[in-house]
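Structure at a glance
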Amino acid sequence: MTTTRTEAPELAGLPLLGSLLDLKNDSLGTFLRARRDHGDVVRITAGPPGIRRTVYGVFSAEGVQQVLAGESANFRKDNVFYQEIRESFGNGLLTSQDEDYLRQRRLVQPLFTRRRVDGYAAAIAAEADTLLGEWRDSRAATVDVLQDMTRLALRAVARILFGTDVDTAVRVVEHSFPELSAYVLRRGYSPLNVPRDWPTPGNRRADAVHRALYEVCDRIIARRRAADRAPGGDDLLTLLVEAESAEDGRFDATELREQVLVFLVAGHETTATSLGFALHLLARHPEAQARAHEEVDRVLAGRTPGAADLDSLPYVTQVLKEAMRLFPAAPVIGRRAVAATEIGGITVPAGADVVVAPWVTHRHPRYWEDPERFDPDRFTPEAEAARPRYAWFPFGGGPRACIGQHFSMLESVIALAMILRRHRFETVDTEVPVAPGITLQATGPARCRLLPRTD
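In what follows, the accompanying structure is described. (Residues numbered from 1 in each chain as written. Predicted model: local features only at pLDDT ≥ 70, side-chain atom pairs only at ≥ 80, totals over all residues. Heavy atoms only, no water.)

**Topic: the layout of surface pockets**
One number sums up the size of the largest pocket: a volume of about 410 Å³. Surrounding the largest pocket, 18 residues form its lining, Leu-146, Gln-147, Thr-150, Glu-269 and Gln-441 being those nearest its centre. Of all the secondary structure elements, the ones that give two or more residues to the lining of the largest pocket are helix H7 (145–162), helix H8 (167–189), helix H11 (253–284) and strand E13 (440–442). Top element by residues in the lining of the largest pocket is H11. It accounts for 5 residues. In terms of residue class, the lining of the largest pocket is made up of 9 nonpolar, 6 polar and 3 charged. (1 Å grid on protein atoms, 1.4 Å probe; cavity = no way out; pocket = protein on both sides within 12 Å on 5 of 7 lines; lining within 4 Å. Points joined across faces, edges and corners; volume = space filled by probe spheres on them. Helix = DSSP H or I, 4+ residues; strand = E, 2+ residues; numbered from the N terminus. Nonpolar A, V, L, I, M, F, W, Y, C, P; charged D, E, K, R; others polar.)

**Side note on the sheet that holds strand E14 (residues 447–452)**
Strand order in the open sheet formed by 3 strands is E4-E14-E11, with antiparallel pairing between adjacent strands. Two strands in the sheet have a free side with no partner beyond their single neighbour: strand E4 (142–144) and strand E11 (423–427). In this sheet, adjacent strand axes meet at a mean angle of 40° when their direction is disregarded. As paired strands, E11 and E14 are joined by 5 bridges and run antiparallel to one another. The residue of E14 that forms the bridge with Arg-424 is Leu-451. (Pairing = 2+ DSSP bridges. Axes fitted to C-alpha atoms, helices over the stretch in contact; angles between N-to-C directions.)

**A short note on the pattern of salt bridges**
Taken as a whole and judged by the stated rule, the model has 35 salt bridges. When the shortest N-O distance is used, the salt bridge between Arg-205 and Glu-179 registers 3.4 Å. Residue Arg-205 is found in helix H9 (residues 201–226), and its partner Glu-179 is found in helix H8; the two are separated by 26 residues along the sequence. The exposure class assigned to Arg-205 is partly exposed, which follows from its relative accessible area of 44%. Taking relative accessible area as the criterion, Glu-179 reaches 27% and is therefore assigned partly exposed. As a salt-bridge pair, Glu-426 and Arg-449 come within 3.3 Å of each other at their nearest N and O atoms. Remark: Arg-449 occurs in strand E14 and Glu-426 occurs in strand E11; sequence separation between them is 23 residues. (Salt bridge = Lys/Arg side-chain N within 4 Å of Asp/Glu carboxyl O. Buried < 20%, exposed > 50% of the residue type's maximum accessible area, 1.4 Å probe, protein only.)

**Here's the deal with the packing of aromatic side chains**
Tallying each qualifying case throughout the model produces 9 aromatic pairs. Each ring, one from Phe-112 and one from Phe-263, has its centre 5.4 Å from the other, and the planes form 55°; the classification is tilted. Of the two residues, Phe-112 sits in the loop between helix H4 (98–108) and helix H5 (114–118) while Phe-263 sits in helix H11, which places them 151 residues apart along the sequence. Of the two residues, Phe-112 and Phe-263, both sit in the buried class. Relative to Phe-425, the ring of Trp-135 has its centre 6.2 Å away and its plane inclined at 70°; by these criteria the two rings are edge-to-face. (Phe/Tyr/Trp six-rings, centres within 6.5 Å; stacked < 30°, edge-to-face > 60°.)

**Focus: empty space enclosed by the protein**
If you walk through the whole model with that rule in mind, you get 3 cavities of 30 Å³ or more. Roughly 40 Å³ of volume is contained in the second largest cavity. As for the second largest cavity, its lining consists of Glu-127, Thr-130, Leu-131, Glu-134, Arg-151, Leu-152 and Arg-155. Broken down by secondary-structure element, the contributors of at least two residues to the lining of the second largest cavity are helix H6 (121–138) and H7. The element that contributes the greatest number of residues to the lining of the second largest cavity is H6, accounting for 4 residues. Of the residues assigned to the lining of the second largest cavity, the class counts are 2 nonpolar, 1 polar and 4 charged.

**A closer look at the pairing of strand E7 (residues 333–337)**
Of all the 5 residues making up E7, 4 are buried; the element is thus mostly covered by neighbouring parts of the structure. Pairing of strand E3 (residues 75–76) with E7 involves 2 bridges; the strand directions are antiparallel. Among the inter-strand pairings, Arg-76 is bridged to a residue of E7, identified as Arg-336. Here E7 pairs with strand E10 (residues 353–356) via 4 bridges, running antiparallel. Within E10, the residue paired with Ile-333 across the bridge is Val-356.

**Some thoughts on helix H13 (residues 314–326)**
In this model H13 runs 19 Å from its N-terminal to its C-terminal C-alpha over 13 residues, within 8% of the 18 Å that 1.5 Å per residue would give. For H13, the tally of buried residues reaches 12 of 13 residues, placing the bulk of the element in the interior. Of all the residues in H13, the buried ones are Tyr-315, Val-316, Thr-317, Gln-318, Val-319, Leu-320, Lys-321, Glu-322, Ala-323, Met-324, Arg-325 and Leu-326. (Expected span 1.5 Å × (residues − 1).)

**Side note on the sheet that holds strand E2 (residues 53–58)**
Ordered by their spatial adjacency, 5 strands build an open sheet running E1-E2-E10-E7-E3, and the pairing between neighbours is mixed. The open sheet terminates on both sides in strands that have one partner only, identified here as strand E1 (41–46) and E3. One ladder, built from 4 bridges, connects E2 with E10; its direction is parallel. For Tyr-56, the partnering residue across the bridge sits in E10 and is Val-354. Set on the sheet, helix H1 (residues 20–38) makes contact with E1 and E10; between it and E1 the angle comes to about 155°. (Contact = heavy atoms within 4.5 Å.)

**A closer look at unusual backbone geometry**
At Asp-98, a position not held by glycine, the phi torsion is positive, near 55°. As for its position among the elements, Asp-98 is in helix H4. Given the relative accessible area of 48%, Asp-98 is considered partly exposed. One non-glycine residue, Asp-370, adopts positive backbone phi at about 45°. Along the chain, the position of Asp-370 falls in the loop between helix H14 (358–361) and helix H15 (381–385). With a relative accessible area of 44%, Asp-370 lands in the partly exposed category.

So this is what it looks like as structure tokens:
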């Protein structure tokens, strides 16, 4: 008996370069066009003959579930982008695989229980209060909400990681991360790269910022290990230093540095993107902003929110979820197929690079009516229950789902509630151009008029 296998349709490209220029210039738009023109599994080729790459885009919620959850063992983090991230940021939870990943996850998981994470609410609120004080003292009429939310989220995660060792780490990450992210992206899209140890200007700049990131983490870790402090401190670095099990041992100095980098870099980007775009979208939609103000005023009555308030702020949570739908911090997620498989009746061969794209699936008209419209009511409990699980997946999914997703939601809800308690926002930049890096990056400002609330 012969089994009929269907080959994926191919996105049209240039005769010599395929879709290489489209992917380099506008990869998010290219993936949207691939789904619109060819369906839920599309073959995209890029690069000149001989060094051409082929990527299979998987865009349906059912296909995403197969890749991230149902057949996750068959889809590994073996593609060129993850290799570049490993070279730049180490082999922490974001990039490790197999037994390395399982061991790291077992050691780190107890640090991210809901009860443990809820204990960080006061530190999050303190950093939000600091930002609000800066806005008040500067009397700024206009703020770039993405820049300011990035600083807020970075300071919050640095405080929770390091305790008092915040300012140095924040300065280094603010300078280093954008440079290293751009470097990884350039090498990821290039069909041919020179070795990293060749002394090209780009390699030398990347090496300098790479060393700066490593050095600040090593310095803080060494100080923490040498300090005469009682065990059981509540900052995350102390907990990582003390993490140990009979089965898995404990982290050595290199592993500690790599985990710290993952939490410091990835831990602030997701929250900053969610918060910044939530404020941008609320500024563009005053009726939704008014609903959020009403809920914050009614629930908090002027007090500082804590972890116990999350369930009492459902509309604020819906605003954040809708912002994450339209502007997911990880807009594209890559994998490599180990064995041949079928997705949606289409063959994906062994060794193929596969991408699932929240940017595309979050706009799929099968799951989202008028998908470009901002509508927080898409995330009422009833609406969420009516959709497939992987129609919305800003934190990934399956066994590799983001370990910090409750932390991100806790920080986002607390910070957004505190900001809305004090301010109204009017839009200045109605559209914010974006491009994918390691995370979603704004390529233009997201300015809003900042108006103290008097109502």
